[in-house]
Amino acid sequence: MSNADRHGVIAKAVRDSGGATVQELAELTGASEMTIRRDLDTLAAQGVLERVRGGARSLLLRGEEPPFALRAHEAIDVKRRIAAEVSALIADGESVLLDSGTTCLEVARLLRERSVTVMPLSLQAIHLLGETPGPATLVVPGGQPRAAEGALTGPLTLASLAALRFDTAVIGCCGLSAADGLTAYDLDDAAVKKAGIASARRTIVATDGGKLGHTAFAHVGPSALLQTLVTDSTAPPDEVTALEGAGTIVRIA
């Protein structure tokens, strides 16, 4: 098990149970207790969990949106498969608006090697696309980053989106259903997603199957606005059928 995979298993175990001991995590991962202690120190420094004597406990409140640092360790393989499928749908020469979130960050890793123009809506993706020269052209929007998330929001972000027109918007989500459409946890984030969809010729939603059939607090728009959904095999079949019936093309990565 790689370090990244082990960190993902640890983060999920602590999140699901509210806490775990070093011994429990060692048995779960097959790693030594010394390795687990180092892992917990690393994850605590990233804000994923809280280090306590003999183990760790979750920082997440019931019903709260999981922080970026925690989501970044979850379902990495699934997110990379989704990202590869999204990248395959984008042609060289396109202008791409790239939403915030961990799945969209995986899309950024692939697009930085492509001859495309990309405007990311998160500090993490901006840093990733800008850290090494490549064929991709980076366009940076204005805006104020949300604490811990790095997602850009506010009047400057909305003004940047209003001033441009993109071939494709790649959008993440917190919830998606045929009945309630696309939703987000945060009102400001929802406003940015809505403006991003309006600025693009087509919209691709990139999300794992666990988000389908769920509804978050802030409404972004009806599913009819979404040309394509890229998800994974955990997506509920009835929800996939309903979305396809509403006109969205669904691709399973």
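Everything that follows concerns the structure shown earlier in this document.
Numbering of residues begins from 1 in every chain and follows the order in which that chain's sequence is written. With pLDDT at 70 or above as the cut-off, local features in this predicted model cover only qualifying residues; side-chain atom pairs require 80 or more to be listed or tallied, and sums for whole chains, interfaces and linings still use all residues. Side-chain metrics rest on all non-hydrogen atoms present in the structure, leaving aside hydrogens and water.

### Concerning the side chain of R114
Then step 1. Secondary structure elements are taken from DSSP: a helix is a run of H or I of four residues or more, a strand is a run of E of two residues or more, and numbering for both begins at the N terminus. In this structure, R114 sits in the loop between helix 6 (102-111) and strand 5 (117-120).
Then step 2. The exposure class assigned to R114 is buried, which follows from its relative accessible area of 17%.
Then step 3. Here a polar contact is recorded for every N or O atom pair within 3.5 Å, except that within protein the pair must consist of a potential hydrogen donor and a potential acceptor, and residues adjacent in sequence are included only if both atoms are side-chain atoms. There is a polar contact of 2.5 Å between the side chain of R114 and the backbone oxygen of I90.
Then step 4. In this analysis, two residues are considered to be in contact whenever any of their non-hydrogen atoms come within 4.5 Å of each other. Beyond its immediate stretch of four places on either side in the chain, R114 contacts S87, I90, A91, D92, P135 and A136. Think of it in three bands: with a 1.4 Å probe and only protein chains considered, a residue is buried below 20% of the maximum accessible area for its type, exposed above 50%, and partly exposed in between.

### Comments concerning the pattern of salt bridges
Then step 1. The rule for a salt bridge is simple: a side-chain nitrogen of Lys or Arg has to be within 4 Å of a carboxyl oxygen of Asp or Glu. With the rule as written, the count across this model stands at 15 salt bridges.
Then step 2. Of the charged contacts in the structure, one is a salt bridge between R57 and E50, with a shortest N-O distance of 2.8 Å.
Then step 3. Classification of E50 by relative accessible area gives partly exposed; the value is 29%.
Then step 4. Taking the shortest distance from any N to any O, the salt bridge between E106 and R109 comes out at 3.3 Å. Here the residue E106 and the residue R109 both occupy positions in helix 6, the gap between them amounting to three residues, near one helical turn.
Then step 5. Note on E106: relative accessible area 11%, which makes it buried.

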